[in-house]
Amino acid sequence: MTAPTAAPAVLKSLPADMELVLKVIPMPADTNGNGDIFGGWVMAQVDLAGSVIPARYAQGRMATVAVNEFIFKQPVRVGDLLSFYAAVTRVGRTSVTVKVEVFAERIRQQGEYVKVTEASLTYVAIDENGRPRPVVPPKG
């Protein structure tokens, strides 16, 4: 991950307009050569978190077809409590695009949150042969 370009904005609350889809604490085995959490590990977690809401539309197999945007805003550290929030931004005939925002609650600053990553990913519902199939909006 690259060095942050500006001081992080410290938040006192997490998004109310998005759904909490994953919480995880990175461990020492997830670090890069700088001692921060490896960006690839964060990307994998974002992909998992991003798939939660589209799974309701796919109602079966689906695949990640695009990472439309991925921004590392601040480093992630060992022991941070990461909260992954997601919201649907687009529903197509066979695909669902979601925005994922990741917030770190630093181990020594409980109750304060820093947005560390944001991303946009697109998932497509697939049949048993791996071909796209229609998605169905969830009921209720």
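Residues numbered from 1 in each chain as written. Predicted model: local features only at pLDDT ≥ 70, side-chain atom pairs only at ≥ 80, totals over all residues. Heavy atoms only, no water.

Named according to an unreviewed UniProt entry, the chain is Acyl-CoA thioesterase YciA originating from Pseudacidovorax intermedius. Recorded in UniProt for the chain, the comment headed Sequence similarities (unreviewed entry) runs: "Belongs to the acyl coenzyme A hydrolase family." (UniProt positions renumbered as here; feature names shortened; annotations may be inferred.)

Caption draft 1: Quick peek at the packing of aromatic side chains. For the structure on display, the rule yields two aromatic pairs. Relative to F72, the ring of F70 lies with its centre 5.0 Å away and its plane at 50°, an arrangement referred to as tilted. Aromatic side chains Y85 and F103 sit 6.1 Å apart centroid to centroid with 80° between the ring planes, which places their arrangement in the edge-to-face category. Highlighted residues: Y85 in strand β4 (residues 81–91) and F103 in strand β5 (residues 95–105), separated in sequence by 18 residues. (Phe/Tyr/Trp six-rings, centres within 6.5 Å; stacked < 30°, edge-to-face > 60°. Helix = DSSP H or I, 4+ residues; strand = E, 2+ residues; numbered from the N terminus.)

Caption draft 2: Inspection of the environment of V76 at higher detail. Residue placement: V76 occurs in the loop between β3 (62–72) and β4. On the basis of relative accessibility, which here comes to 0%, the residue V76 falls in the buried class. Through-space distance from the C-alpha of V76 to that of P26 is 8.2 Å; in sequence the pair is 50 residues apart. (Buried < 20%, exposed > 50% of the residue type's maximum accessible area, 1.4 Å probe, protein only.)

Caption draft 3: View of the environment of P137. Relative to the elements of secondary structure, P137 occurs in the segment after β6 (113–125). Relative accessible area serves as the criterion here: at 52%, P137 is assigned to the exposed category. Here the alpha-carbon distance between P137 and L14, two residues 123 residues apart in the chain, equals 26 Å.

Caption draft 4: View of the pattern of salt bridges. Applying the stated criterion to the full structure yields seven salt bridges. Between E118 and K73 there is a salt bridge whose closest N-O contact spans 4.0 Å. Separated by 45 residues along the polypeptide, E118 in strand β6 and K73 in the loop between β3 and β4 bring together distant segments of the chain. We classify K73 as partly exposed; its relative accessible area is 33%. (Salt bridge = Lys/Arg side-chain N within 4 Å of Asp/Glu carboxyl O.)

Caption draft 5: Inspection of the side chain of S120 at higher detail. Within the fold, S120 resides in strand β6. Here S120 falls in the buried class, since its relative accessible area comes to 15%.

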